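# Understanding the architecture of this molecule
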Amino acid sequence: MAGAAESVSRFRALYPSRGTPRIWRAPGRVNLIGEHTDYNLGLVLPMAIDLACFVATAPNSDGWLRVYSEQLAEGVQWRAEDIPAAVPTGDWTDRVVGIAWELARRGVNAAGQNVLIDSNVPLGGGLSSSAALGVALALALGGPREPLELAKLARSAEMDFVGVPCGIMDQFVSAHGQEGAAILLDCRSLDWRAVELPEEVAIVTANSMVKHELGDSAYRTRVEECAEAARRLGLPSLRDANLCELHALEGVVLRRARHVVTENARVEQFVAAAAQADLDGMGRIVTESHRSLRDDYEVSCAELDFLVETALDAPGVLGARMTGGGFGGSTVNLVRLDAVESLRAALVGGYQRAWGRIPEIHVCAASSGASEIFV
Ligand code: GLA
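These remarks concern the structure in this document. Here the structure is a predicted model, which means the values were calculated and not measured.

Attention now goes to unusual backbone geometry. A positive phi is found at His36, a non-glycine position, where the angle reads about 60°. Relative to the helices and strands, His36 is located in the loop between β1 (22-33) and β2 (43-59).

This is the structure in structure tokens:
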């Protein structure tokens, strides 16, 4: 089980006689609403959660950056001086060397370090395991302590080294998370504020345990389609579009743009509903988001649709939708507190019968952002 104390003891076992490591933690996230809006400079409402990546580090004197992933049971090492010339290889190590490479670009050269990575954010589960790793590692290797700079650095590594044209949501919320609140972020101005949810609502994720291969290329295609829609409308980004203008578009590009424009509106509607403790309204808006992602944006899949519909049939469920990039990963459910266990039973039983797998269910606690942990 990942945790600060466990990381210290595993580190000592892995790198004997290296003393006590420093420990850094960065959380995963669940996005409540505002999906595929971040790279369109729109609004998002993610929440940092109580699943996190832990990175333990201690300097060494031999000049190697030596990294071991507890989750993958795999280790890898680079000469620290070779990092600035590193090139991506297409596997998980890109996410590690990419951070060191990005730091080097900014003049922070990774000296020799022994590093242990452990995480309880499920890999490929749609809860931002990659951003949690990037942010924790960036802190551990001497990156900026200021949350916005930290988030920007981790996002640059993901875009420029790993090659994913992502928005800033995941890294931002991992760096800025607040205990007990979601984060309303304007991805154009980068203004943000904490949004507390009504106490009667639990946020429950259900991991479909699938990650379809199509996901990465489809993400890239969506980014391009949105840029194309904005270009045809003569706008800098779809953030500036309104529904009436969209009649100038047609076909796929129209549907993509319609999702983005209506999703931005839904973020504002959801925040207003939350402020009035309008639980039914919050749930309805979340479910509308799923329909839009499924029909207009086409980033859902049969497993996610099944989890959403099963949840909506369960008592006490206010709303449900896919969360994150899509094509697998998790759903997020807004549930009345007293209905969490019946939802869990409905999802586990139903999904196992239909898909032969047990979905991982997590009742999320909103957690603080990345920091050093003192054990
Ligand atoms: C992934 C990306 C984010 C965001 C979401 C979709 O998680 O990393 O930047 O685009 O997909 O909302």
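Further remarks concern the packing of helix α6 (residues 214-233) against helix α7 (residues 251-275). Remark: α6 packs on α7, axes separated minimally by 9 Å, with the N-to-C direction vectors making an angle of 95°. Between α6 and α7, the interaxial angle falls into the category roughly perpendicular. Residue-level inspection shows Arg222, Glu225, Cys226, Glu228, Ala229 and Arg232 of α6 in contact with α7, the latter providing Val252, Val253, Arg256, Ala257 and Val260. Residue composition of the contact of α6 with α7, by class: 6 nonpolar, no polar and 5 charged.

Interaxial distance between helix α3 (residues 129-140) and helix α5 (residues 169-176) falls to 9 Å at its minimum, and their mutual angle equals 55°. Put simply, α3 runs oblique to α5. Crossing hand, α3 versus α5: right-handed. Counted together, Ala131, Ala132 and Val135 of α3 and Asp170, Gln171 and Ser174 of α5 form the full contact between these two elements. When the residues that make up the contact of α3 with α5 are grouped by side-chain class, the tally is 3 nonpolar, 2 polar and 1 charged.

A separate point is the site of the ligand. Surrounding the ligand, one finds Arg29, Glu35, His36, Asp38, Tyr39, Cys166, Gly167, Met169, Asp170, Tyr219, Gly324 and Gly325. Glu35 places a polar side-chain atom, nitrogen or oxygen, 2.6 Å from an oxygen atom of the ligand. In the environment of the ligand, an oxygen atom lies 3.5 Å from a nitrogen or oxygen atom belonging to the backbone of Gly325. Broken down by class, the residue content of the shell around the ligand amounts to 4 nonpolar, 4 polar and 4 charged.

Turning our attention to helix α4 (residues 147-162). Side chains of residues three or four places apart in an α-helix project in the same direction, reflecting 3.6 residues per turn. Under the 1.5 Å per step criterion, the end-to-end length of α4 is 21 Å for 16 residues, consistent within 8% with the ideal 22 Å. Turning to α4, its buried residues number three or more, namely Leu150, Ala151, Leu153, Ala154, Ser156, Ala157, Glu158 and Phe161. Each element contacted by the buried residues of α4 is listed here: α2 (93-105), α3 and α5. Downstream of α4 by one or two residues, Gly163 has phi in the positive range, about 95°.

Relative accessible area serves as the criterion here: at 4%, His36 is assigned to the buried category. Within the local environment of His36, its side chain forms a polar contact with the side chain of Tyr39, the two groups lying 2.7 Å apart. Ignoring sequence-local partners within four residues, the contact set of His36 consists of Tyr219, His259, Val260, Leu293, Tyr297, Val299, Gly324 and Gly325.

Judged by pairing direction, the sheet is antiparallel, and its 4 strands sit side by side in the order β9-β10-β8-β11 without closing on themselves. Either end of the sheet is taken by a strand with one partner, and the two such strands are β9 (317-323) and β11 (360-363). In this sheet, neighbouring strand axes are inclined to one another by 20° on average, regardless of whether the strands run parallel or antiparallel. Two elements, strand β8 (residues 201-211) and β11, share 4 bridges in a ladder whose sense is antiparallel. Its bridge partner being in β11, Val204 is matched across the sheet by Val363. Against the sheet, helix α8 (residues 279-295) engages β8, β9 and β10 (328-336), with an angle of about 30° to β9. Against the sheet, helix α10 (residues 340-355) engages β8, β9, β10 and β11, with an angle of about 15° to β8.

As a further point, take the packing of aromatic side chains. Scanning all chains against the criterion turns up 6 aromatic pairs. Ring geometry for Phe11 against Tyr15: centres 4.8 Å apart, planes inclined by 55°, an arrangement best described as tilted. Accessibility assignment for this pair places Phe11 and Tyr15 in one class, buried. With 5.1 Å between their ring centres and 50° between their planes, Trp101 and Phe161 make a pair best called tilted. Of this pair, Trp101 sits in helix α2 while Phe161 sits in helix α4, and the two are 60 residues apart along the sequence. For the pair Trp101 and Phe161, one class covers both residues: buried. An aromatic cluster of at least three residues, connected via ring pairs, comprises Phe306, Tyr351 and Trp355.

Each value, and the rule that gives it
Residues numbered from 1 in each chain as written. Predicted model: local features only at pLDDT ≥ 70, side-chain atom pairs only at ≥ 80, totals over all residues. Heavy atoms only, no water. Helix = DSSP H or I, 4+ residues; strand = E, 2+ residues; numbered from the N terminus. Axes fitted to C-alpha atoms, helices over the stretch in contact; angles between N-to-C directions. Parallel < 35°, antiparallel > 145°, perpendicular 65-115°, else oblique. Contact = heavy atoms within 4.5 Å. Nonpolar A, V, L, I, M, F, W, Y, C, P; charged D, E, K, R; others polar. Left-handed = near helix turned anticlockwise from the far one by under 90°. Near = heavy atom within 4 Å. Polar contact = N/O pair within 3.5 Å; in protein donor to acceptor, adjacent residues only side chain to side chain. Expected span 1.5 Å × (residues − 1). Buried < 20%, exposed > 50% of the residue type's maximum accessible area, 1.4 Å probe, protein only. Pairing = 2+ DSSP bridges. Phe/Tyr/Trp six-rings, centres within 6.5 Å; stacked < 30°, edge-to-face > 60°.

Bear in mind that shape data such as this cannot, by itself, settle questions of function.
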